[in-house]
Amino acid sequence: SWTMLNIVEEAVEAVRAQIGPEGRAICALSGGVDSAVAAAVVQRAIGDRLTCVFVDHGLLRKGEAEQVERDFVAATGVKLRVVDAADRFLKALDGVTDPEEKRKIIGREFIRVFEDEQRAIIADGPVDFLVQGTLYPDVVESGGGTGTANIKSHHNVGGLPDDLQFQLVEPLRALFKDEVRRAGEELGLPAAMVWRQPFPGPGLGIRIVGAVSRERLEILREADAIAREELSRAGLDREIWQCPVVLLADVRSVGVQGDGRTYGHPVVLRPVSSEDAMTADWSRVPYDVLARISTRITNEVREVNRVVLDVTSKPPGTIEWE
Ligand code: XMP
């Protein structure tokens with residue numbers, strides 16, 4: 001729309017003024033809409049003087065890494081460095097079951113990988129600016145100050161070290177989420193990215209109750225992809241705030257398939273409606289949609305023989321299981 005075009009153009013101009021004619025910037029992409037739109041704005045402003053870094057920690061959902069590496073780059077022309085760090089993250093997470101420990105490890109590894117990339121980028125010349133997808137609600141929650149500390153960085157993989165050598169570039173600081181999505185559309189970003197529901201920085205790592213492994217991630221990724229596909233097909237994307245799919249990796253129950261008994265894992269569907277994730281209610285997803293999800297997951301994902309629905313509000317339940 002005309003106004004959104006103006007908002008985007010103003011943001012581009014402001015970034016150009018802040019960074020100047022020679023300055024270089026870096027930006028970490030998470031796969032989420034905020035960092036993607038922020039990067040796209042800065043790319044319009046300074047082109048190749050922006051380098052984006054995508055740390056693929058191996059904990060994203062099906063298709064999300066490709067969305068960043070292929071579709072986002074094709075749509076924006078952003079200069080991107082991709083780091084396939086799945087092995088490193090899996091090794092660091094090996095045997096870890098405590099949720100906060102998982103978050104700490106994922107955050108720590110992310111910072112280490114990003115710092116290595118940063119050093120490589122700086123080898124080509126100085127970089128003074130760090131781009132972040134801070135939104136207006138983040139600014140308000142964190143007290144309105146500038147600086148590297150924002151509300152996201154304390155529990156997000158996208159949170160970066162308090163590296164005061166950088167000046168922050170925050171082109172979305174005045175925008176609400178729905179405006180960021182419209183700006184993303186205006187900038188021609190892939191629809192799947194623009195409309196992606198909230199997804200935690202530590203990714204599928206905190207949706208496996210139990211230790212994380214490549215095999216378990218693969219099971220969860222398939223089950224999650226089916227649930228997302230069926231919810232979208234039923235037209236429920238805008239109605240549901242988010243729908244974590246959780247693998248109870250240390251639980252097995254008896255099932256039956258054909259002539260034989262199975263001994264497989266349950267997955268939990270956690271569809272919630274919410275305004276801001278502070279409180280939430282479980283979504284009344286129509287039974288026939290739930291039935292399709294259940295049938296498909298148990299047919300198509302061999303290791304899963306049971307699909308259960310979480311009917312807990314928040315509070316007392318959190319949205320995620322970890
Ligand atoms: P809970 O589970 O606390 O989640 O009700 C509230 C919202 O926050 C997301 N969430 C996270 N996001 N890093 C994130 O970036 C995290 O460690 C994390 N834990 C929860 C969750 O998906 C929901 O939208």
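If you're wondering where the values come from, they're calculated on a predicted model, not measured in any experiment.

Draft legend 1. Spatial organisation of the overall build of the chain. Regarding its fold elements, the chain presents ten helices and twelve strands. The C-alpha radius of gyration computed for the chain amounts to 20 Å, which stays within 12% of the reference 20 Å derived for 322 residues, consistent with globular compactness. When each of the 322 residues of the chain is scored for burial, the buried share is 40%.

Draft legend 2. How the structure looks around the site of the ligand. In the region of the ligand, 13 residues are neighbours, and P200, G201, T318, I319 and E320 sit closest. Across the shell around the ligand, the residue classes tally to five nonpolar, five polar and three charged.

Draft legend 3. Molecular detail of the sheet that holds strand 2 (residues 50–56). The five strands are arranged 3-2-1-4-5 in an open sheet whose pairing can be described as parallel. Two strands close off the open sheet at either side, each with one partner strand: strand 3 (79–84) and strand 5 (167–169). Ignoring which end each strand starts from, the neighbouring axes of this sheet average 25° apart. Examined bridge by bridge, strand 1 (residues 25–29) and strand 2 share five bridges and lie parallel to one another. Residue pairing for strand 2: I26 is matched across the bridge by T51. Where helix 5 (residues 99–122) meets the sheet, it contacts strand 1, strand 2 and strand 3, and its direction lies at approximately 150° from that of strand 2.

Draft legend 4. Inspection of the UniProt feature "binding site: ATP" (unreviewed entry) in the chain at higher detail. Under the feature "binding site: ATP" (unreviewed entry), the UniProt entry names S30, G31, G32, V33, D34, S35 and A36. In this fold, S35 is placed in helix 2 (residues 33–46). Relative to the helices and strands, A36 resides in helix 2. Under the C-beta neighbour-count criterion, A36 is labelled buried, with 29 such atoms within 10 Å. Setting aside anything within four residues of it in sequence, one finds A36 in contact with L29, F72, G184, L189 and M193.

Draft legend 5. Spotlight on helix 1 (residues 2–19). The end-to-end C-alpha separation of helix 1 is 26 Å, in line with the 26 Å expected for 18 residues at 1.5 Å each. Listing the buried residues of helix 1 in full gives V8, A11, V15 and I19. Along helix 1, the residues classed as buried sweep out an arc of 60° about the axis, all on the same side. Away from its buried face by more than 90 degrees, helix 1 exposes W2, T3, N6, E10, E13 and A17.

Draft legend 6. Focus on the environment of E64. Inspection of the secondary structure puts E64 in helix 3 (residues 64–76). By the C-beta count within 10 Å, which is 20 here, E64 ends up buried. Sequence spacing of E64 and A123 is 59 residues, and the spatial spacing of their C-alpha atoms is 29 Å.

Draft legend 7. Molecular detail of the packing of helix 2 against helix 7 (residues 177–186). For the pair helix 2 and helix 7, the least separation of the axes is 10 Å and the interaxial angle reads 50°. What the angle tells us is that helix 2 and helix 7 run oblique. In terms of crossing hand, the pair formed by helix 2 and helix 7 is left-handed. Contacts between helix 2 and helix 7 involve V33, D34, A36 and V37 from the first element and V180, R181, A183 and G184 from the second. Looking at the contact of helix 2 with helix 7 residue by residue, the classes come out as five nonpolar, one polar and two charged.

Draft legend 8. Main features of the pairing of strand 1. Counted residue by residue, strand 1 has five buried out of five residues, so it is predominantly covered. Of the two faces of strand 1, the one carrying A25, C27 and L29 and the one carrying I26 and A28 are both buried. Handedness of the crossover joining strand 1 and strand 2 through helix 2: right-handed. Two strands pair when backbone bridges link them, and strand 1 and strand 4 (residues 129–131) are joined in this way by three bridges, in the parallel orientation. Residue pairing in the sheet places C27 in a bridge with V131 of strand 4.

Reading the values: the criteria
- Residues numbered from 1 in each chain as written.
- Predicted model: local features only at pLDDT ≥ 70, side-chain atom pairs only at ≥ 80, totals over all residues.
- Helix = DSSP H or I, 4+ residues; strand = E, 2+ residues; numbered from the N terminus.
- Rg over C-alpha atoms; globule rule 2.2 N^0.38 Å.
- Buried ≥ 20, exposed ≤ 12 C-beta atoms within 10 Å, placed from the backbone.
- Near = placed C-beta within 6 Å.
- Nonpolar A, V, L, I, M, F, W, Y, C, P; charged D, E, K, R; others polar.
- Pairing = 2+ DSSP bridges.
- Axes fitted to C-alpha atoms, helices over the stretch in contact; angles between N-to-C directions.
- Contact = placed C-beta atoms within 7 Å.
- UniProt positions renumbered as here; feature names shortened; annotations may be inferred.
- Expected span 1.5 Å × (residues − 1).
- Arc of directions from axis to C-beta.
- Parallel < 35°, antiparallel > 145°, perpendicular 65-115°, else oblique.
- Left-handed = near helix turned anticlockwise from the far one by under 90°.
- Right-handed = clockwise from strand over helix to strand, strands pointing away.

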